[in-house]
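Spelled out, the chains give:
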Amino acid sequence: MSAPAPAPDLRPPRPEHSRRALFAGSVGNFIEWYEFGVYGYFATVIAARFFTPEGGSEAEALVKTYASFGLAFFFRPVGAAVFGRLGDRIGRRPVLILVIALMTGATTLIGVLPTYDTVGALAPWLLTLLRVVQGLSAGGEFGGAVSVMTEFAPPGRRGLYGSWQSFTVALGLLAGAGAAALLATLLTEAQLADWGWRLPFLLTLPLALGALWLRLRLEETPDFERATATATAAESPPAREIARAVAVGAGRIMGWAAAGYTFLVVLPSYLQSTLHASFQQALLATVLANLGFAATIVPAGWFSDRVGRRPVMLAGAVLVVVLAVPLLNLLQDAGTSNPVKGVAVFGAGAVVGLMAGPGPAMLAELFPTSARYTGLGLAYALSNAVFSGCAGLIITETVKRTGNVDVPAYYAATVCAVSVLALAASPKFVAGKAG
């Protein structure tokens, strides 16, 4: 007769374990968004090096660059499903170690890729292949990182702990913008276009080694261990309930996805190609937007622990709907002073932070432990694939075809309006039960 399974430990996680989980979950996310930010900030340079054969226009090359950018996002749901399934079966820790290794390898290789001038049409295909690997690993990163952060969170602090996932997005984008700005200051345009753009990608390697060390020291989450000990890990809700929760989650965060990428990543290329700003001016605007984003994320997550996730996220989505067009018009107006423009882009980032702070905890709470890694990862990946990954392509191509320079504001405001409806209409819902 086999011995009975040990009783699950129902005590809250120890503070040192919670802190370690916070850092281990955050650091991979920081690296992911640092790289995605760098790719966005150097989009015009990458377009010239990889997507501009003889006779091709700059606008056409930029559209192709954003197509490659978007393709990586469409592989995120695949990564979320594959790695999420593994994470819900064998644990969060081993899968998070695997995805950081894949992400590091792909990003480092981008830094040494031959360009179109060297290998011709093979260059954009090699770049796109590495973007696919990045998309797969990034799809597995979010669900695992948020699961670790929220499952190790002390009682009543999931919003605060989950907000660090979004906060490290801001830090990663700021680090990418800082690296780009530093290189643009220290190097000539010719040096930057020739070899300088490679340096931020190569910097990922030492950063990722530190992330790998932190994750190797990480314990498995208490929620997953309890679910495994009580044999509930195999007792997932019906697939239709998981699918419904994924749809609810994606609808609630689609505004965050669209407005975040419009204001935080696409903005530099838009300012350069449409408003004819310099590279340095565009990067400064991006830094200010990301500072505004960072400033509100953690307070929004903390506040959501007290008043609920949806009220805070609703406030951010409504503000984007109301303010997107006026903010962009301020940037377009030659008579607007630089300090006012700075306040405008800072404010644009700040309202996105209101959605991003409570967002991770809201997604985590939609799913039981047995399906959390997969479910929240899919909701996030699907929303980002459609509304973030396509943002640069949609905005650039629409501005090119229509000549309407208000397109970025219309895009962000429209998607946020749909998100407002999803947040206002969706009942309190957890996969397997609704209330």
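Because the structure is a prediction, the values reported are computed rather than measured. (Residues numbered from 1 in each chain as written. Predicted model: local features only at pLDDT ≥ 70, side-chain atom pairs only at ≥ 80, totals over all residues. Heavy atoms only, no water.)

Section: the overall build of the protein
Alright, step 1. Looking only at helices and strands, the protein has 20 helices and 2 strands in total.
Alright, step 2. For the protein, with 435 residues in total, the buried portion stands at 57%.
Alright, step 3. Contacts spanning at least 24 positions in sequence make up 86% of the contacts within the protein whose residues lie at least 6 apart.
Alright, step 4. Counting every atom, the protein has about 17000 Å² of accessible surface; 68% of that belongs to carbon and sulfur. (Helix = DSSP H or I, 4+ residues; strand = E, 2+ residues; numbered from the N terminus. Buried < 20%, exposed > 50% of the residue type's maximum accessible area, 1.4 Å probe, protein only. Contact = heavy atoms within 4.5 Å. Areas by Shrake-Rupley, 256 points an atom, 1.4 Å probe, with all protein chains shown as cover.)

Quick notes on the side chain of Asp 406
Alright, step 1. Residue placement: Asp 406 occurs in the loop between helix 19 (391–402) and helix 20 (407–425).
Alright, step 2. Buried charge without a partner: Asp 406 forms no salt bridge, and the closest opposite charge is Lys 341, 13 Å away.
Alright, step 3. A distance of 3.0 Å separates the side chain of Asp 406 from the side chain of Gln 332, its partner in a polar contact. (Lys, Arg positive; Asp, Glu negative; His and termini not counted. Salt bridge = Lys/Arg side-chain N within 4 Å of Asp/Glu carboxyl O. Polar contact = N/O pair within 3.5 Å; in protein donor to acceptor, adjacent residues only side chain to side chain.)

Considering the environment of Pro 311
Alright, step 1. Mapped onto the elements of the fold, Pro 311 is located in helix 15 (residues 309–332).
Alright, step 2. By relative accessible area, which is 44% here, Pro 311 ends up partly exposed.
Alright, step 3. Spatially, the C-alpha atoms of Pro 311 and Met 355 are 9.7 Å apart, while their sequence positions differ by 44 residues.

Quick notes on a nonpolar patch on the surface
Alright, step 1. A cluster of nonpolar side chains, Leu 109, Val 112, Trp 195, Leu 199 and Leu 202, forms an exposed patch at the surface whose accessible area comes to about 430 Å².
Alright, step 2. Considering the arrangement of structural elements, one finds Leu 199 in helix 10 (residues 198–202). (Patch = residues over 30% accessible without salt bridge, like charges linked within 9 Å, V, L, I, M, F, W, Y side chains within 5 Å.)

Description of the confidence of the model for the protein
Alright, step 1. In this model, the protein carries an average pLDDT of 85, and 89% of its residues clear a pLDDT of 70 or more.
Alright, step 2. Within the protein, the element-level pLDDT minimum falls on strand 2 (residues 433–434), averaging 52, and the maximum on helix 17 (residues 359–364), averaging 96.
Alright, step 3. In the model, residues 1–9 has pLDDT below 50 throughout and makes 6 contacts with residues more than four positions away in sequence or in other chains. (pLDDT = per-residue confidence, 0-100.)

Here's the deal with the nonpolar core
Alright, step 1. Within the largest apolar cluster, 102 residues are counted, with the highest numbers of intra-cluster contacts made by Phe 42, Val 320 and Leu 363.
Alright, step 2. In terms of residues, this core owes the most to one element, helix 13 (residues 239–273), which gives 17 residues.
Alright, step 3. When residues no more than four places from it in sequence are discounted, the contact partners of Phe 42 are Ala 180, Leu 183, Leu 192, Trp 197, Pro 200 and Phe 279.
Alright, step 4. Grouped together as the second largest cluster of nonpolar side chains are 10 residues, Phe 83, Leu 96, Val 99 and Leu 218 included. (Core = buried A, V, L, I, M, F, W, Y, C linked by side-chain atoms within 4.5 Å.)

Focus on the pattern of salt bridges
Alright, step 1. If you walk through the whole model with that rule in mind, you get 15 salt bridges.
Alright, step 2. Connected through shared salt-bridge partners, Asp 88, Arg 92, Glu 151, Arg 158, Asp 223, Arg 226 and Arg 372 make up one network.

What to know about the side chain of Thr 168
Alright, step 1. Considering the arrangement of structural elements, one finds Thr 168 in helix 8 (residues 158–186).
Alright, step 2. Look at Thr 168 and you get buried, because its relative accessible area is 5%.
Alright, step 3. Of the polar contacts made by the side chain of Thr 168, one reaches the backbone oxygen of Gln 165; its length is 2.8 Å.
Alright, step 4. Sequence-distant contacts of Thr 168, that is, excluding residues within four places in its chain, are made with Ser 26, Asn 29 and Phe 30.

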